[in-house]
Amino acid sequence: MMTRRSALALLFTGLLLTACGQSFPVYKGYKMSPYTLGGNRFVPMSIPQALRYKAEGIASHYEADGAIGAIGQKLHSGQLYAAHRTLPLPCRARITNLQNGRSCVVRIADRGPYIAGRLIDLSTAAAEELGFRHHGLQRVRVEVLSVGDGPYMRTL
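Residues numbered from 1 in each chain as written. Predicted model: local features only at pLDDT ≥ 70, side-chain atom pairs only at ≥ 80, totals over all residues. Heavy atoms only, no water.

If you tally the helices and strands in the protein, you get three helices and eight strands. Helices and strands appear in the protein in the N-to-C order α-β-β-α-β-β-β-β-β-α-β. Taking all 156 residues of the protein together, the buried fraction comes to 38%. Pairs at least 24 apart in sequence give 70% of the contacts found in the protein among residues at least 6 apart. Approximately 9200 Å² of the protein is accessible, and the part contributed by carbon and sulfur atoms is 56%. (Helix = DSSP H or I, 4+ residues; strand = E, 2+ residues; numbered from the N terminus. Buried < 20%, exposed > 50% of the residue type's maximum accessible area, 1.4 Å probe, protein only. Contact = heavy atoms within 4.5 Å. Areas by Shrake-Rupley, 256 points an atom, 1.4 Å probe, with all protein chains shown as cover.)

Okay, the confidence of the model for the protein next. Interpretation of the predicted coordinates at a detailed level should be avoided for regions scoring low in pLDDT. Residue-level pLDDT values for the protein average 84, and 82% of them are 70 or greater. pLDDT under 50 marks residues 5–26. Its contacts with residues more than four places away, or in other chains, come to two contacts. (pLDDT = per-residue confidence, 0-100.)

A separate point is the nonpolar core. Of all hydrophobic cores here, the largest spans 34 residues; its most connected members are Ile 95, Ile 108, Ile 120 and Leu 122. Broken down by secondary-structure element, the contributors of at least two residues to this core are α2 (47–51), β3 (54–62), β4 (81–83), β5 (91–97), β6 (103–110), β7 (118–123), α3 (124–130) and β8 (138–147). (Core = buried A, V, L, I, M, F, W, Y, C linked by side-chain atoms within 4.5 Å.)

Here Tyr 35 shows up in strand β1 (residues 35–37). Along the chain, Tyr 35 and Arg 85 lie 50 residues apart, while their C-alpha atoms are 9.7 Å from each other. Apart from residues no more than four positions distant in its own chain, Tyr 35 is found in contact with Asn 40, Arg 41, Phe 42, Arg 85, Arg 111 and Tyr 114. A polar atom in the side chain of Tyr 35 sits 2.7 Å from the backbone oxygen of Arg 85. (Polar contact = N/O pair within 3.5 Å; in protein donor to acceptor, adjacent residues only side chain to side chain.)

A full pass over the atoms with the stated rule returns four salt bridges. Put simply, Glu 56 and Arg 139 hold a salt bridge, and the shortest N to O gap is 3.9 Å. Of this pair, Glu 56 sits in strand β3 while Arg 139 sits in strand β8, placing them 83 residues apart in sequence. Among the ionic pairs, Arg 141 bridges to Glu 56, the shortest N-O distance being 3.4 Å. Of this pair, Arg 141 sits in strand β8 while Glu 56 sits in strand β3, and the two are 85 residues apart along the sequence. We classify Arg 141 as partly exposed; its relative accessible area is 28%. Among the residues examined, Glu 56 registers a relative accessible area of 44% and is labelled partly exposed. Through salt bridges with shared partners, a single network forms among Glu 56, Arg 139 and Arg 141. (Salt bridge = Lys/Arg side-chain N within 4 Å of Asp/Glu carboxyl O.)

In this chain, Leu 89 is followed by Pro 90 through a cis amide linkage whose omega measures -10 degrees. Structurally, the position occupied by Pro 90 is in the loop between β4 and β5. Following Gly 112, the chain continues to Pro 113 via a peptide bond in cis, the omega torsion being -10 degrees. As for its position among the elements, Pro 113 is in the loop between β6 and β7.

The six strands lie next to each other as β3-β7-β4-β6-β5-β8, forming a closed barrel whose pairing is mixed. Adjacent strand axes in the sheet meet at a mean angle of 45 degrees, parallel and antiparallel pairs treated alike. Relative to β7, β3 runs parallel, the two being bridged by five bridges. Paired with Ile 58 across the two strands is Arg 118, which belongs to β7. (Pairing = 2+ DSSP bridges. Axes fitted to C-alpha atoms, helices over the stretch in contact; angles between N-to-C directions.)

Next up, the structure:
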């Protein structure tokens, strides 16, 4: 006959084994599929290309609080995120304001901007960090630091 203590030990062991085997939602890989928007086709760059990516251009800012980014994850107010047309998702990049030298690291998790002449869209929090939230547009440098998350993360 099983004692209460033995039954509890067996139950605990079963729960522990179940928890160990449980799969939690993890982003698997990179989002690198070509896509078409407004009749324009965009082809994301390869991981090696992205890891060497450095560009200067015009940044704008947007707030997508609660919206789902192109990577399929919710974007929240106060987070440092960005949108880029052709970098693989997700990736991390250092953004530097070329006027004042301030920089921050953002997670690129969305697609855009789709306005001619703009290089990157930054979250309002990132624009605040860079000191141009109230100016709307700013000339910046974008330097990719890594591509992917967790076991998929790649760096130079």
